[in-house]
Amino acid sequence: MSYNKPLPKINADNRPFWEGCRVHELRFQRCKDCGHVRWPPSDLCPACHSTDSGWLISKGTGRIYTFAVYHVAYHTAFTTNLPYAVAVVALDEGPRLLTNIVDCQIDQIKCDMPVSVIWEDVNEEITLPKFTPLASEPV
Amino acid sequence: MKQMLNDLSGEDAVFGHFGATGGYALAARRAMHEFGTGPETWKKIAVGQRKWANLNPNALMQSKALTEADYDNARWVVEPLRLPDNCLITDGGRAIIVTSLERAQDLRQPPALIMGMGQHNPSTAIAQSSWMAGPTGARQAGEAAFAMAGITLDDVDACQIYDCFTYTVEITLQDYGFFKPGEGHDWLAGGTIAPGGRMPVNTSGGQLSEAYFMGLTPLAEGAMQIMGRCGERQLGPQTRTKSPEIILCSDNGGILQSHTCTLLRRL
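Since the structure is predicted, the reported quantities are computational estimates derived from the model, not experimental observations.

About the criteria used
Residues numbered from 1 in each chain as written. Chains lettered and ligands numbered in written order. Predicted model: local features only at pLDDT ≥ 70, side-chain atom pairs only at ≥ 80, totals over all residues. Pairing = 2+ DSSP bridges. Helix = DSSP H or I, 4+ residues; strand = E, 2+ residues; numbered from the N terminus. Buried ≥ 20, exposed ≤ 12 C-beta atoms within 10 Å, placed from the backbone. Arc of directions from axis to C-beta. Contact = placed C-beta atoms within 7 Å. Axes fitted to C-alpha atoms, helices over the stretch in contact; angles between N-to-C directions. Expected span 1.5 Å × (residues − 1).

J.: Hey, could you run me through the sheet that holds strand β2 (residues 37-38) of chain A in this one?
T.: Neighbouring strands of a sheet are bound in pairs by backbone hydrogen bonds; such pairs are parallel or else antiparallel. Residues and elements named next belong to chain A. Strand order in this open sheet of three strands is β2-β1-β3, and the pairing throughout is antiparallel. Each end of this open sheet is capped by a strand with a single partner; those strands are β2 and β3 (53-57). Of the pairings in the sheet, the one linking strand β1 (residues 27-31) to β3 comprises five bridges and is antiparallel in character. The partner of C31 across the bridge, within β3, is S53.

The structure is reproduced here in structure tokens:
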């Protein structure tokens, strides 16, 4: 069955991010003037307004800032996933990413739990960055 | 509809994140982690407000009782928020006429005076927020409104708090300074906000139990209570509460990203 969930809308700003995901690299813009690492992608650094930036490759590790467990499917394509966890993951490099926590017991998820990225290849173009508790952590 | 959901939710929809309940569930979960709140606190808000709705013929939930056990047994929507933590969905309208005091004094109804207002909008891409557990805009908006009015929290007789979710009521009262972080559970115990309580909150039933008219649900109720037009739920001796001289009203937008505080008083 084809993938029927919403897909990211790729544009000039976020293309390097989604191209990175495709090769399983989590890329974020880093300001070349002040070093601030930002998400979502933008022309201007939100910390110092510089237009000079490059892309770094994140280690893909961070902590769960917060999470929510969906028991209602607002979009029918998510019905078979219920209950599922949406989370904001604070990456070690600084940015926070809205994502899913997967491959773990839903009731084991906690705020500040260390997590690392795992990749869900959706189709030829799109791979989604999702997160799972670090294996070394007792669950 | 699906297309609209996707367009509104942007990349969030990719991860199954839609709408306000999910956003507030993220905020509420962080608050549980930071200062130990949770459903035990929120159910006192849902149950207390429902008791006001039971006195209000305009309330969608007038004829439906809500006990703490009903709350505990209610289904999850987006955990940690259950169905009674969510506001209602309502068609309808509500209006307030604002005019000069001079003009208002000739009108048939006694006016409610605006004695202070404050706004604060700590907006950002909400996923990048590091203050999901507060302080929200309520802190600075409240300080500005109280400074303009020249009063303190002790002068407030009742509150009409924007209540898209029960947690919104807790964090708003907390950021105004009614209690310290995490002390809401004790502050709310014993029916503080319900009929007969020492600090009535959302005396129409609010958006949780009367009707969702955005910021007009709390503001209109604040004005109506000051004007003495609230019938069976009127603050004063008949509901074993203080007769209201001053009522605090709040409004809130986004995922706790914008806030307005309005203080109303009797002429």
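Read on for the rest.
J.: Would you take a moment to explain helix α1 (residues 15-22) of chain A for this structure?
T.: Residues three or four positions apart in an α-helix share a direction because the helix packs 3.6 residues into each turn. Residue and element names in this part refer to chain A. Within the span of α1, buried status applies to F17, W18 and C21. On an axial view of α1, the arc spanned by its buried residues comes to 90°, and they lie on one face. The secondary structure elements touched by the buried residues of α1 are β1 and β8 (127-133). After α1 finishes, the residue H24 shows a positive phi value of roughly 60°.

J.: Please clarify how the sheet that holds strand β6 (residues 258-266) of chain B should be interpreted in this entry.
T.: All names here are of chain B. Taken in spatial order, the four strands make up an open sheet running β3-β6-β5-β4, and their pairing is mixed. The two strands at the open ends of the sheet, each matched to only one other strand, are β3 (112-120) and β4 (158-160). Strand-to-strand twist of the sheet, defined as the mean angle between neighbouring strand axes without regard to direction, takes the value 20°. The sheet contacts of helix α6 (residues 138-149) involve β3, β5 (246-253) and β6, and relative to β3 the element is tilted by about 145°.

J.: What should I look at first to understand helix α2 (residues 19-35) of chain B in this one?
T.: In this model, α2(B) (17 residues) spans 25 Å end to end at C-alpha, consistent with the 24 Å of a helix rising 1.5 Å per residue. Considered for burial, the residues of α2(B) that qualify are B:T21, B:G22, B:G23, B:Y24, B:A25, B:L26, B:A27, B:A28, B:R29, B:R30 and B:A31. Elements that come into contact with the buried residues of α2(B) comprise β4 (61-70) and β5 (84-91) of chain A together with β1 (76-79), β2 (81-82) and α7 (166-176) of chain B. Phi turns positive one or two residues past the end of α2(B), at B:G36, with a value near 75°.

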